[in-house]
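Here's the letter readout for the chains.
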Amino acid sequence: MNGVRIQQEDFSIEAEVDALRSVSKCMGGIATFLGCARDFSEGRDVSAITFEQYAGMAAQAMQALRTEAMERFDIIEARIVHRVTTVYAGDQIVLIAVGAEHRGPAFEACEWIIDTLKQRVPIWKKEVTPEGDSWVTEHP
Amino acid sequence: MIISQFVSIRVYSWLNMVKVLFFGLIAEQQGRREYELVVNGELTLTELLASLDIDSEAPLILALNQQQVDDLAMVISDGDEVAIMPPFSGG
């Protein structure tokens, strides 16, 4: 299973962590970040979120993100899975899983990957609200 | 006959085909996701944005052949793919 994926379908956290752990028995710490869909945003109800991507560039940018994380941090393996589809409140959107010998680099890399993904990977989200659809223009 | 062939080759050499892609809010504002642009001579990214009525001072991300670019003075070449994108909001 490819460790860097953009896909419509949902993913299993357990399957992703198992795949991460299968790479090495030297992992003493695994950090994960799971991004989910909220039912509100900036004071408005959100009934759904629709994602759009620049397919070729997004895949390249996510792969480059993993490569750079592997170089920057003392980690053993990293996986990134991002859904591009329409999701509803509570649905899973993105998973980052990082394995390292020690927890410190795993936490740091996990946070860096999700923060940098928001800046570098050409994916956009549009929120469906009672007041109409609106593109999200910030990445808090 | 020879002259006419010469002229057609000259004209063809100045016509560049460029694919322009729009995403997110910009695609909605432009009312389309992509189009093929025929460029007669040289065209910079700044000139492309101006021709589309897109404010180059607005928060935008541009990519040339799927590589992000910051230099709006870059000249677009035949066969290039230009993406005009709003700031990313994935995750």
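Please read all numbers here as calculations on a predicted model, not as lab measurements. (Residues numbered from 1 in each chain as written. Chains lettered and ligands numbered in written order. Predicted model: local features only at pLDDT ≥ 70, side-chain atom pairs only at ≥ 80, totals over all residues. Heavy atoms only, no water.)

1. Quick look at the confidence of the model for chain B
All names here are of chain B. Residues with a pLDDT of 70 or more make up 85% of chain B, whose mean pLDDT is 87. Of the regions scoring below 50 in pLDDT, residues 1-12 engages in zero contacts with residues more than four places distant in sequence or in other chains. Of the two predicted TM-score estimates for the complex, the pTM is 0.89 and the ipTM is 0.90. (pLDDT = per-residue confidence, 0-100. Contact = heavy atoms within 4.5 Å.)

2. Here's the deal with the pattern of salt bridges
Should the charged atoms of two oppositely charged side chains come close, the side chains can pair. According to the stated counting rule, one finds ten salt bridges over all chains in the structure shown. Of the charged contacts, one joins E28 of chain B and K126 of chain A as a salt bridge, the two residues approaching to 2.6 Å between their closest N and O atoms. In this pair, E28 of chain B is assigned in helix α2 (residues 24-30) and K126 of chain A in strand β9 (residues 123-129), connecting two distinct chains. The partner of E34 of chain B in a salt bridge is K19 of chain B, with the nearest N and O atoms 3.9 Å apart. Of the two residues, E34 of chain B is situated in strand β2 (residues 34-40) and K19 of chain B in strand β1 (residues 15-22); the sequence distance between them amounts to 15 residues. Ionic contacts of the salt-bridge type, sharing partners, join the residues R5, E16 and R79 of chain A into one network. (Salt bridge = Lys/Arg side-chain N within 4 Å of Asp/Glu carboxyl O. Helix = DSSP H or I, 4+ residues; strand = E, 2+ residues; numbered from the N terminus.)

3. Topic: the sheet that holds strand β6 (residues 77-83) of chain A
Residues and elements named next belong to chain A. Ordered by their spatial adjacency, four strands build an open sheet running β1-β6-β8-β2, and the pairing between neighbours is mixed. Either end of the sheet is taken by a strand with one partner, and the two such strands are β1 (4-7) and β2 (29-36). Strand-to-strand twist in this sheet, taken as the mean axis angle between neighbours without regard to direction, amounts to 5°. Sheet topology places β6 next to strand β8 (residues 92-100); six bridges connect them, and they run antiparallel. (Pairing = 2+ DSSP bridges. Axes fitted to C-alpha atoms, helices over the stretch in contact; angles between N-to-C directions.)

4. A few points about the nonpolar core
Side chains of nonpolar character tend, in soluble globular proteins, to be buried together. Core analysis: the biggest nonpolar cluster contains 31 residues, and I75, I96, V98, I113, L117 and V121 of chain A have the highest contact counts within it. When residues of this core are traced back to their parent elements, those giving at least two are β5 (48-53), α2 (55-72), β6, β8 and α3 (103-120) of chain A. Looking at this core, the element that brings in the most residues is α3 of chain A, giving seven residues. Residues contacting V121 of chain A, with those up to four places away along its chain left out, are A58, A61, M62 and L65 of chain A together with F88 of chain B. Within the second largest apolar cluster, 20 residues are counted, among which are F22, I26, L37 and I54 of chain B. (Core = buried A, V, L, I, M, F, W, Y, C linked by side-chain atoms within 4.5 Å. Buried < 20%, exposed > 50% of the residue type's maximum accessible area, 1.4 Å probe, protein only.)

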